[in-house]
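Residues per chain, in single letters:
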Amino acid sequence: MTSHPIRAVLTDIEGTTSSISFVKDVLFPYARQRLGAYVAAHADEAAVQSALSEARALAGQPGLSQDETVALLEGWIDADRKATPLKSLQGLIWEDGYRSGALKGDIYPDAAEFLARWRNEGLSLYVYSSGSVLAQQLIFGHTEFGDLTILFSGFFDTLVGAKTDPASYGAIAESADLPPFRILFLSDNTAELDAARAAGMVTIALDRGEAVLPEGHGHPVAKDFGAIDALAGTLKG
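Remember, it's a predicted structure, so these values are computed and weren't measured experimentally.

Participant: Sorry if this is basic, but what is going on with the pattern of salt bridges here?
Facilitator: The final tally for this structure, using the stated rule, is 11 salt bridges. Between Asp12 and Lys163 there is a salt bridge whose closest N-O contact spans 2.8 Å. In this pair, Asp12 is assigned in the loop between β1 (8–11) and α1 (20–41) and Lys163 in the loop between β3 (154–156) and α7 (166–176), connecting sequence segments 151 residues apart. Lys163 matches Asp12 in its accessibility class, with the two residues each being buried. The partner of Arg208 in a salt bridge is Asp110, and the shortest N-O contact between them spans 2.6 Å.

Rendered as C-alpha cells:
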C-alpha cells in the first residue's frame, strides 16, 4: 500500500483482527463470572465507583444499590449492550486476567504480520472498537506475538461516538490529522463500514467465516489481511 494514497489503517477488533468466538466465548464469560466479586473487592476505587455511577445514570436508576447495579450490568453483558461503563469494568477485570496469565490476547497471525509490515512501511495504525481503550490495549499487549501496542498510534472506543455514526469516523480522522479518504477502515460489520464510508474513508470488509455479510453491501471483501494490500491498491483514495 506504499504507493496508494492511504496513509493510515483504522481497524476493528472482533471478527477482524481477533475471532468473534474469543470475545464471546472467552472474554465475556470471564468478565461476567467475576463481575460481582471484582466490584465487591474494588468498590472503593474511583474507576469502579465512576463506572457504577455511570451505569445507574445510563439506566435512569440513580438509586440502585451496588448489588442491583451489578445485576443490571450482568444483564447488559447477556444482551451484548455496548455501554461505556460496562466496557470500563470489563476492561479492569480483563486486565487482572492478562496480568495473571489467565488470559492471552487472541490475534490472527495474518493480522499480526501485516499490521507490523504496514507500520514498517510508514503507515499509521489505529484501533476503533466498542471495547474500552484499556481492553484494546490488553488484547494487543498480551499476544503470542508479543506486545503489539507499540505498532499503534492511537486507540478509540465509544467515547468518540457510536461505531455506526459517521461523525465518529470524522472525529477519528481529525485526531489522526488526516483527511478521511487517506484512512482505510477494516471491519466485519457492514453498518460500521457504511458509516466510515459516509465519512469519506476507504473501506474493506473482513469475512473470516464468522460474521454473515449481507448481500449487496457494496464494500470490497477480504478473507484475511493478506488480501488487503491488493484490494486497497485498486481503490480510489
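Alright, that's what it looks like, and here's the rest.
Participant: Help me understand empty space enclosed by the protein, please; the structure alone is not making it clear to me.
Facilitator: With a probe scaled to a water molecule rolled over the atoms, the places where space remains empty come into view. One pass over the structure, following the stated rule, counts one cavity of 30 Å³ or more. What lines the largest cavity is Gly15, Ile20, Asp188, Leu206, Arg208, Gly209, Glu210 and Ala211. A class-by-class count of the residues in the lining of the largest cavity yields three nonpolar, two polar and three charged.

Conventions and cut-offs
Residues numbered from 1 in each chain as written. Predicted model: local features only at pLDDT ≥ 70, side-chain atom pairs only at ≥ 80, totals over all residues. Heavy atoms only, no water. Salt bridge = Lys/Arg side-chain N within 4 Å of Asp/Glu carboxyl O. Helix = DSSP H or I, 4+ residues; strand = E, 2+ residues; numbered from the N terminus. Buried < 20%, exposed > 50% of the residue type's maximum accessible area, 1.4 Å probe, protein only. 1 Å grid on protein atoms, 1.4 Å probe; cavity = no way out; pocket = protein on both sides within 12 Å on 5 of 7 lines; lining within 4 Å. Points joined across faces, edges and corners; volume = space filled by probe spheres on them. Nonpolar A, V, L, I, M, F, W, Y, C, P; charged D, E, K, R; others polar.

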